[in-house]
Amino acid sequence: MPLSPQHALIYLMVAVSAADRTMTDRELKRIGSTVRNLPIFAGFDEKELPKVAADCAKMLDSAKGLGKVLTAARAALPKGLADTAYALAVEVAAADLFASQEELRLLELIAEKFRLNSLTRAAIEASARARHRTL
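This is a predicted model, so every value here is computed, not measured. (Residues numbered from 1 in each chain as written. Predicted model: local features only at pLDDT ≥ 70, side-chain atom pairs only at ≥ 80, totals over all residues. Heavy atoms only, no water.)

### Some words on the side chain of glutamate 27
Okay, step 1: Here glutamate 27 lies in helix H2 (residues 25–37).
Okay, step 2: Although glutamate 27 is buried, it forms no salt bridge, and the closest oppositely charged side chain is arginine 26 at an N-O distance of 9.5 Å.
Okay, step 3: Aside from chain neighbours lying at most four places away, what touches glutamate 27 is Ser17, Thr22, Val92, Ala95, Asp96 and Glu103. (Helix = DSSP H or I, 4+ residues; strand = E, 2+ residues; numbered from the N terminus. Buried < 20%, exposed > 50% of the residue type's maximum accessible area, 1.4 Å probe, protein only. Lys, Arg positive; Asp, Glu negative; His and termini not counted. Salt bridge = Lys/Arg side-chain N within 4 Å of Asp/Glu carboxyl O. Contact = heavy atoms within 4.5 Å.)

In structure tokens:
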């Protein structure tokens, strides 16, 4: 069954969180906050989030799971949401104030899958760094 656009965005966020095999509380809270607060998730029942995340984890654990997640997400999202997909993935990676090598590699794969140019990627990444700075 194909993913809805909202499910696709959640799958990408969950995949980034799981990329380094450690889904931290900060990452999970960021995903929850994103789903609760962004207009792209209007109408999404937040109570579905654990099931959608579990479905993503199951897909990730399957053979060629990451490829399946990326392909399913790309198929579900209109081209106009490519930058949104990348921005949400970057938000999850930035939640811990440190992005692991695995998370950075997955961000590269997402950018390639969604054919994002380097300027768009740089702008999204700079924006995330600015929002997540600490004193």
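### A closer look at the pattern of salt bridges
One side chain can pair with another of opposite charge once the charged atoms of both are near each other.
Okay, step 1: Scanning all chains against the criterion turns up five salt bridges.
Okay, step 2: Between glutamate 46 and arginine 36 there is a salt bridge, with the nearest N and O atoms lying 2.9 Å from each other. One end of the pair, glutamate 46, is in the loop between H2 and helix H3 (49–61); the other, arginine 36, is in helix H2, with ten residues separating them in the sequence.
Okay, step 3: According to the relative accessible area criterion, glutamate 46 is partly exposed, its value standing at 34%.
Okay, step 4: Aspartate 55 is the salt-bridge partner of lysine 51, the closest N and O atoms lying 2.9 Å from each other. Of this pair, lysine 51 and aspartate 55 both sit in helix H3, four residues apart, roughly one helical turn.
Okay, step 5: For aspartate 55, a relative accessible area of 30% corresponds to the partly exposed category.

### Concerning the packing of aromatic side chains
Okay, step 1: In total, this model carries one aromatic pair according to the counting rule given.
Okay, step 2: Ring centres of phenylalanine 41 and phenylalanine 44 lie 6.3 Å apart, and the angle between their planes is 70 degrees; this geometry places the pair in the edge-to-face category.
Okay, step 3: For phenylalanine 41, a relative accessible area of 2% corresponds to the buried category.
Okay, step 4: The exposure class of phenylalanine 44 is buried, given its relative accessible area of 11%. (Phe/Tyr/Trp six-rings, centres within 6.5 Å; stacked < 30°, edge-to-face > 60°.)

### Digging into the nonpolar core
Okay, step 1: In terms of nonpolar packing, the biggest core is built from 41 residues, with Ile10, Ile110 and Phe114 touching the most fellow members.
Okay, step 2: Among the elements of the structure, helix H1 (5–18), H2, H3, helix H4 (65–76), helix H5 (82–94), helix H6 (101–113) and helix H7 (118–132) are those that each provide at least two residues to this core.
Okay, step 3: In this structure phenylalanine 114 touches Leu12, Ala73, Arg74, Leu77, Ala82 and Ala85, once residues within four positions along its chain are discounted. (Core = buried A, V, L, I, M, F, W, Y, C linked by side-chain atoms within 4.5 Å.)

### Some words on H4
Okay, step 1: With twelve residues, H4 ought to run about 16 Å at 1.5 Å a step, and its terminal C-alpha atoms sit 16 Å apart, in line with that.
Okay, step 2: Here the buried face of H4 lies against H1, H3 and H6. (Expected span 1.5 Å × (residues − 1).)

### Some points on H6
Okay, step 1: With 13 residues, H6 ought to run about 18 Å at 1.5 Å a step, and its terminal C-alpha atoms sit 18 Å apart, in line with that.
Okay, step 2: Among the residues of H6, Glu103, Leu106, Leu107, Ile110 and Ala111 are the ones counted as buried. Each buried residue of H6 sits inside an arc of 140 degrees when the element is viewed along its axis, so together they form one side.
Okay, step 3: Turning to H6, the residues buried within the fold contact H1, H2, H4, H5 and H7.
Okay, step 4: A positive backbone phi angle near 55 degrees is found at arginine 115, which sits one or two residues after H6. (Arc of directions from axis to C-beta.)

Geometry only, nothing functional implied.
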